[in-house]
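Secondary and tertiary structure notes
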Amino acid sequence: MREQYRSTPLDESALAAGPMEQFARWFAEAAAAALLEPNAMIVSTATPDGRPSSRTVLLKHYDERGFVFFTNYESRKGREIDANPYVSLLFPWHPLERQIIVDGTASRIGRDETAAYFRTRPYGSRLGAWASDQSTVIASREQLLRRYEELNARYPESGQVPAPAHWGGIRVVPDTVEFWQGHENRLHDRLRYVRTDTGWRVERLAP
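Presented here is a report on the structure given in the accompanying data block.

Rules of the game
Residues numbered from 1 in each chain as written. Predicted model: local features only at pLDDT ≥ 70, side-chain atom pairs only at ≥ 80, totals over all residues. Heavy atoms only, no water. Helix = DSSP H or I, 4+ residues; strand = E, 2+ residues; numbered from the N terminus. Contact = heavy atoms within 4.5 Å. Buried < 20%, exposed > 50% of the residue type's maximum accessible area, 1.4 Å probe, protein only. Pairing = 2+ DSSP bridges. Axes fitted to C-alpha atoms, helices over the stretch in contact; angles between N-to-C directions. Parallel < 35°, antiparallel > 145°, perpendicular 65-115°, else oblique. Left-handed = near helix turned anticlockwise from the far one by under 90°. Phe/Tyr/Trp six-rings, centres within 6.5 Å; stacked < 30°, edge-to-face > 60°.

Of regular secondary structure, the chain possesses 5 helices and 9 strands. By principal-axis analysis of the C-alpha atoms, the chain measures approximately 55 × 40 × 35 Å. The long-range share in the chain, meaning contacts at least 24 apart out of those at least 6 apart in sequence, stands at 63%.

Pasting the structure below:
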């Protein structure tokens, strides 16, 4: 189970001045290539004593401030971020023989920003945010569905569904962003932006 990657080399001279601009370039190319959910990313968190956990979530916004996703703050990832804000993001764009790895610090976004995004979610997803006590043990799927139907009766689709206080956005402010391009013979390109006091420096890593 081994593939030979034959991609165009990634050269330092072709990079954008900053990682978010470079991310925007690659993200646009991933979207244009019709990848399935190019905004899907693996979020890795850890407990204070270093026990890691990972899961796939959807990136919902990015700008010069960082990368934003939404979650139940009382979920495993939410509790781990509260206790240890250092996280890693991975965008695995295998069909393009590319991946992007972000290491940074996570924190909650403002409630106004969360509420504005929550109003754009499909009705069922808004109810789902209330129905699921994410990462807790439940007796059965039927229990979850009953909770959903109770909420459906409480908040009809014609009305407003408020954003739960325990649910909201997380912004990851990057310290490093690595752009990985696969090549044959495993001689991959790995160019990493590193935050400094004066901006960003780029360094090449051995594959």
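Back to the text.
A few words now on the pairing of strand β1 (residues 40-46). Judged by how many residues are buried, β1 sits mostly within the fold: 5 of 7 residues are covered. Sheet topology note: the β1/strand β2 (residues 52-58) ladder contains 7 bridges and is antiparallel. In the strand pairing of β2, valine 43 is matched with arginine 55. Between the end of β1 and the start of β2, which pair antiparallel, lie 5 residues, with glycine 50 showing a positive phi angle near 95°. Here 3 bridges tie β1 to strand β5 (residues 86-93), and the two strands are oriented antiparallel to one another. When the sheet's bridge partners are listed, valine 43 is paired in β5 with leucine 89.

Moving on to the packing of helix α4 (residues 123-131) against helix α5 (residues 141-154). Interhelical geometry of α4 versus α5 gives an angle of 120° and a closest axis separation of 9 Å. Taken together, the axis directions place α4 and α5 in an arrangement best described as oblique. Relative to α5, the crossing made by α4 is right-handed. Only Leu144, Arg147, Tyr148, Leu151 and Asn152 of α5 make contact with α4, whose side of the interface consists of Tyr123, Gly124, Leu127, Gly128, Trp130 and Ala131.

Here we take up the packing of aromatic side chains. Evaluation of the coordinates by the stated rule reveals 16 aromatic pairs. Taking the centre distance of 5.4 Å and the plane angle of 15° together, the rings of phenylalanine 70 and tryptophan 167 count as stacked. Here phenylalanine 70, found in strand β4 (residues 66-72), pairs with tryptophan 167, found in strand β7 (residues 167-181); they are 97 residues apart in sequence, far enough to count as distant. The same class applies to phenylalanine 70 as to tryptophan 167, namely buried. Ring geometry for phenylalanine 118 and tryptophan 167: centres 5.2 Å apart, planes at 65°, overall edge-to-face.

This is a description of form; function is not addressed.
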